[in-house]
Structures are given as structure tokens and as C-alpha cells.
Amino acid sequence: MTAPDMNAPIRKIAAMTAATLLTGGLSACAGLFDPATDATSPVAPRVQALVDAHREYPRWADFPKVVEPLPAPVAIAARVNTLRVTGGSLAGEVSRIDWQTAGDPEVFADDVRARVEATPVAPVTAQTQAEMDEFVRRTRERGRAPPPVDRR
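Residues numbered from 1 in each chain as written. Predicted model: local features only at pLDDT ≥ 70, side-chain atom pairs only at ≥ 80, totals over all residues. Heavy atoms only, no water.

This paragraph deals with the overall build of the protein. Looking only at helices and strands, the protein features five helices and zero strands. Written out in order from the N terminus, the α and β elements of the protein read α-α-α-α-α. Looking at the protein residue by residue over its 152 residues, the buried ones come to 1%. Working note: accessible area of the protein is about 14600 Å², and carbon and sulfur atoms make up 65% of it. (Helix = DSSP H or I, 4+ residues; strand = E, 2+ residues; numbered from the N terminus. Buried < 20%, exposed > 50% of the residue type's maximum accessible area, 1.4 Å probe, protein only. Areas by Shrake-Rupley, 256 points an atom, 1.4 Å probe, with all protein chains shown as cover.)

Attention now goes to the pattern of salt bridges. This model, assessed by the stated rule, comprises four salt bridges. The partner of E134 in a salt bridge is R137, with the nearest N and O atoms 2.5 Å apart. With a gap of three residues between them, E134 and R137 both fall in helix α5 (residues 129-143), about one helical turn apart. Close ionic contact of E141 with R144 constitutes a salt bridge, the shortest N to O distance being 2.9 Å. (Salt bridge = Lys/Arg side-chain N within 4 Å of Asp/Glu carboxyl O.)

Attention now moves to the packing of aromatic side chains. Given two aromatic rings, their pairing is described by the distance between the two centres and the angle made by the two planes. Overall, the coordinates contain one aromatic pair when judged by the stated rule. On the numbers, 5.5 Å between centres and 45 degrees between planes, the contact of W60 with F63 is tilted. The exposed category is assigned to W60, whose relative accessible area is 76%. (Phe/Tyr/Trp six-rings, centres within 6.5 Å; stacked < 30°, edge-to-face > 60°.)

Taken together, the side chains of L90, V94, I97 and W99 make up a nonpolar region of the molecular surface, amounting to roughly 390 Å² of accessible area. Examined against the element boundaries, L90 turns out to sit in helix α3 (residues 73-95). (Patch = residues over 30% accessible without salt bridge, like charges linked within 9 Å, V, L, I, M, F, W, Y side chains within 5 Å.)

Turning our attention to the confidence of the model for the protein. Model confidence for the protein is summarised by a mean pLDDT of 82, while 86% of its residues fall at 70 or above. Across the protein, the element-wise mean pLDDT spans from 70 in helix α1 (residues 3-29) up to 95 in α3. (pLDDT = per-residue confidence, 0-100.)

Following this line, the structure appears as C-alpha cells:
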């Protein structure tokens, strides 16, 4: 026997062993897909009733029927082409953005921090929670209806 003739049975045996182990492993998991309800549990009847009620769900009859016609394959192809074109133009726009990722990250963070601190803060955003609560209280007071007029 030559070397290839001697190796063929080893490969076949290895393939059969692997297939047997894989089949055995999958069949061992098969019981996990249909678990039994613990009959001693106090909620067992309710759980089993829910399982039995939803065992066949969803059925095709439960889905709404399509009332408008499906688009033609040519229309779908046109939409796909449009998406490809817009995706290409978006990629081109993104490639032209100067992302400023080169350089020292600490310097970049300091620059961003300085730009944020230089932007004036609106007075409303500088209010504390107590000031906002007081504003809400005053606004609710102003929004109350006046007492009824005595018509005597």
C-alpha cells in the first residue's frame, strides 16, 4: 500500500467520529427545546394553560392581509440603485470631512474644552433645581382661575 492508500481510512474514521459526536451532541440538546412544566409548582396550572394557549401562535391567518399590490421587480431594483448612489455620495461627503483625529489627544481635548468654556451659557441653563421649582410654582399660581364673581 502507498501512503495515500494508508491515510484514507484514517480520514474516513475521523470524519465518521466527528459526525457521530456532532449528532450525539445535537440530540442531547433536543430535550431542552420542549421543557416540561414542574407539576409541584403553585403556578404550574397557569403556566401550562399559557403554554397550551400559545402553542400554535402565530398562524398565517392572524397576520393582516396585504391590500396594496407589491412593487414590481423593476421598481425594487430602481430603489436599490438609488440607495447605492446615495450611499456612495454619502461616503464621498464623509471622506471630505476633516475629522481632526491626528495629533495629541490631550491637546485636542484641551482645545475642545476651551471652545466649550468660551461659549456663553444661557441663563435658563444656569438655574438650580430650587430656582426651577420656584418658577414652576409661580407659573402654576398665575395659571389658576380667579374666584367666581358674586352676581348678587
